[in-house]
Amino acid sequence: VADTASLQRLLDASLDVLCTLDAQGRFVNVGAAAARVWGYTPAQLVGTLYATLIHPDDLAHTTAYMAIASAQQDTVHIE
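Residues numbered from 1 in each chain as written. Predicted model: local features only at pLDDT ≥ 70, side-chain atom pairs only at ≥ 80, totals over all residues. Heavy atoms only, no water.

Colleague: Would you explain the overall build of the chain in this entry?
Modeller: Each helix and strand counted, the chain has four helices and two strands in total. Reading the chain from its N terminus to its C terminus gives the helix and strand order α-β-β-α-α-α. The 79 residues of the chain split such that 18% are buried. Summed over its atoms, the accessible surface of the chain is roughly 5,600 Å², and 56% of this surface lies on carbon and sulfur atoms. (Helix = DSSP H or I, 4+ residues; strand = E, 2+ residues; numbered from the N terminus. Buried < 20%, exposed > 50% of the residue type's maximum accessible area, 1.4 Å probe, protein only. Areas by Shrake-Rupley, 256 points an atom, 1.4 Å probe, with all protein chains shown as cover.)

Colleague: Whenever I open this one, the nonpolar core confuses me. Can you help?
Modeller: Where a protein is soluble and globular, its nonpolar side chains tend to be buried together. Judged by nonpolar contacts, Val 17, Phe 27, Val 30, Ala 33, Ala 34, Leu 45 and Tyr 50 together constitute the single largest core of seven residues. Of all elements in the fold, only strand E2 (27–30) and helix H2 (33–37) reach the threshold of two or more residues within this core. Sequence-distant contacts of Ala 34, that is, excluding residues within four places in its chain, are made with Val 17, Gly 39, Tyr 40 and Leu 45. (Core = buried A, V, L, I, M, F, W, Y, C linked by side-chain atoms within 4.5 Å. Contact = heavy atoms within 4.5 Å.)

Colleague: How do you make sense of a nonpolar patch on the surface when you look at a structure like this?
Modeller: A contiguous nonpolar surface patch, about 280 Å² in accessible area, is contributed by Val 37, Trp 38 and Tyr 40. Assignment of secondary structure puts Trp 38 in the loop between H2 and helix H3 (42–45). (Patch = residues over 30% accessible without salt bridge, like charges linked within 9 Å, V, L, I, M, F, W, Y side chains within 5 Å. Salt bridge = Lys/Arg side-chain N within 4 Å of Asp/Glu carboxyl O.)

Colleague: Sorry if this is basic, but what is going on with the packing of aromatic side chains here?
Modeller: A ring pair, where both rings are aromatic, is described by two values, the distance of the centres and the angle of the planes. Using the criterion set out here, one finds one aromatic pair in the structure. Summarising the aromatic geometry, the rings of Phe 27 and Trp 38 are spaced 6.1 Å apart at their centres and angled 55 degrees between planes, so their arrangement reads as tilted. Of the two residues, Phe 27 is situated in strand E2 and Trp 38 in the loop between H2 and H3; the sequence distance between them amounts to 11 residues. According to the relative accessible area criterion, Phe 27 is buried, its value standing at 4%. A relative accessible area of 36% means that Trp 38 is categorised as partly exposed. (Phe/Tyr/Trp six-rings, centres within 6.5 Å; stacked < 30°, edge-to-face > 60°.)

Colleague: What is the right way to look at the environment of Tyr 40 in this model?
Modeller: Counting through the fold element by element, Tyr 40 comes out in the loop between H2 and H3. The class for Tyr 40 is partly exposed, based on a relative accessible area of 38%. Tyr 40 has contacts with Ala 34, Ala 35, Leu 45 and Leu 53, leaving out every residue within four places of it along the chain.

Colleague: Please explain helix H4 (residues 59–70) as it appears in this structure.
Modeller: Because an α-helix completes one turn every 3.6 residues, residues spaced three or four positions apart along the sequence face the same direction. The end-to-end C-alpha distance of H4, which contains 12 residues, comes to 16 Å, matching closely the 16 Å that a straight helix rising 1.5 Å per residue would cover. Positive backbone phi, at 60 degrees, marks Gln 72, one or two positions downstream of H4. (Expected span 1.5 Å × (residues − 1).)

Colleague: Explain the pairing of E2 here, please?
Modeller: Look at any regular strand and the pattern is simple: side chains alternate between the two faces of the sheet. Where strand E1 (residues 19–21) lies against E2, three bridges are found, and the strand directions are antiparallel. Of the residues in E2, the one forming a bridge with Cys 19 is Val 30. As consecutive antiparallel partners, E1 and E2 are separated by five residues, and within that stretch Gly 25 has a phi angle of approximately 90 degrees, a positive value. (Pairing = 2+ DSSP bridges.)

The following block contains the structure:
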């Protein structure tokens, strides 16, 4: 995707929540489905740590998954 506007159109076209994160785990780009699925608009999420949306019981598993994804290893599925 060549530019930010094109990336945003791609994210917004999905019925699933698609987003990008920075190296610290903060939302950079968030698709429109976030409002329907999570109840937060993309503007509300940009700059927020993704971990704030994770239930405490799921945080260790999610953090481990994110480490794998950050290392650019193959990932298949996350809930």
